[in-house]
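Here is what each chain is made of, one letter per residue.
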Amino acid sequence: MVEHLPERIDPLALAEKRRQFKGSLPLSQLVRLQDVLLNPEGLVRFELRFGKDGKLSAVTGSVEAYLELQCQCCLGPIAWPVDSQVKLALVGSIDEADLLPESYEPLLLEEETILLTDIIQEELLLAIPSIPQHGQCKASAPKEVAKMPDTPKRPNPFAVLAELKK
Ligand SMILES: [Zn+2]
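Rules and cut-offs
- Residues numbered from 1 in each chain as written.
- Predicted model: local features only at pLDDT ≥ 70, side-chain atom pairs only at ≥ 80, totals over all residues.
- Heavy atoms only, no water.
- Helix = DSSP H or I, 4+ residues; strand = E, 2+ residues; numbered from the N terminus.
- Contact = heavy atoms within 4.5 Å.
- Areas by Shrake-Rupley, 256 points an atom, 1.4 Å probe, with all protein chains shown as cover.
- Donors = N, O, S within 2.8 Å, 3.2 Å for Na, K, Ca; no water.
- Buried < 20%, exposed > 50% of the residue type's maximum accessible area, 1.4 Å probe, protein only.
- Pairing = 2+ DSSP bridges.
- Axes fitted to C-alpha atoms, helices over the stretch in contact; angles between N-to-C directions.

Caption draft 1: Quick peek at the overall build of the protein. Regarding its fold elements, the protein presents four helices and seven strands. Scanning the protein from its N terminus toward the C terminus, one meets helices and strands in the order β-α-β-β-β-β-α-β-β-α-α. Expressed as a percentage of contacts within the protein between residues at least 6 apart in sequence, the contacts between residues at least 24 apart total 57%. A total accessible area of about 10,600 Å² is found for the protein, and carbon and sulfur atoms account for 52% of it.

Caption draft 2: Up close: the coordination of the zinc ion. Taken together, Cys71 (SG), Cys74 (SG), His134 (ND1) and Cys137 (SG) make up the protein donors of the zinc ion, found 2.0 to 2.4 Å from the metal. Site description for the zinc ion: donor spacing in sequence, C-x2-C-x59-H-x2-C. Residue classification places His134 among the partly exposed positions, given a relative accessible area of 27%.

Caption draft 3: Layout of the pairing of strand β4 (residues 56–70). Pairing analysis gives ten bridges linking strand β3 (residues 43–53) to β4, with the strands arranged antiparallel. The residue of β4 that forms the bridge with Leu48 is Gly61. Counted along the chain from β3 to the antiparallel partner β4, the turn is two residues long, and its residue Gly54 has a positive phi close to 65 degrees. Here β4 runs beside strand β5 (residues 77–91); their pairing, made up of 13 bridges, is antiparallel. Note on β5: the bridge partner recorded for Val59 is Leu88.

Caption draft 4: Region of the structure containing unusual backbone geometry. For Arg18, which is not glycine, the phi dihedral falls at a positive 50 degrees. Its location among the elements puts Arg18 in the loop between α1 (11–17) and β2 (20–26). The backbone phi angle of Leu75 is positive, close to 65 degrees, even though this residue is not glycine. Within the fold, Leu75 resides in the loop between β4 and β5. Under the relative-accessibility criterion, Leu75 is labelled partly exposed at 37%.

Caption draft 5: Geometry of the side chain of Glu123. When you line up the elements, Glu123 lands in helix α3 (residues 116–126). Dropping the residues within four chain positions of it, Glu123 is found in contact with Val63, Ser84, Gln85, Val86 and Leu88.

Caption draft 6: Layout of the sheet that holds β3. Taken in spatial order, the five strands line up as β2-β3-β4-β5-β6 in an open sheet, and their pairing is mixed. Across the chains shown, the open sheet's two edge strands, defined by having one partner strand only, are β2 and β6 (105–108). Here the average twist between neighbouring strands, direction ignored, is 30 degrees. As judged from the seven bridges shared by β2 and β3, these two strands associate in the antiparallel manner. When the bridges of β3 are listed, Gln20 appears paired with Arg49. Seen against the sheet, α3 touches β2, β3, β4, β5 and β6 and runs at an angle of roughly 110 degrees to β3.

Take a look at the structure:
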């Protein structure tokens, strides 16, 4: 459970020790995720295994959650189940990241220690589209255009749709 989770970790040391963490975490603890969640309730389940793959220090495992995002077209809820396989290699520089085998995503270590929850949060953020939208959003029908709220800073979802139709 959450109580046993260390907050800050030294991932390279954990990889040497081949430590594993398994548990669940309230979504409300993941600060950056809040911007994209319509509903902050719920849990993320995770399993993270630190270890070595040859010379690589790696983190593998899975992150699973049921998220509720907001459609950027009609502003209604979108159910977004996430079941991600984690396969990260710990690297100290961009150059090192370029040399990784393709099956690994780089986890760039800018400091010696990181927040364990950051790994989980990052995986969830990667699993979310940059502009969440219903596949067949009812608000995207032309007659609904006048009802679109004024959000000049967001990319126009209709422009994206137009691109897709080309
Ligand atoms: Zn929608």
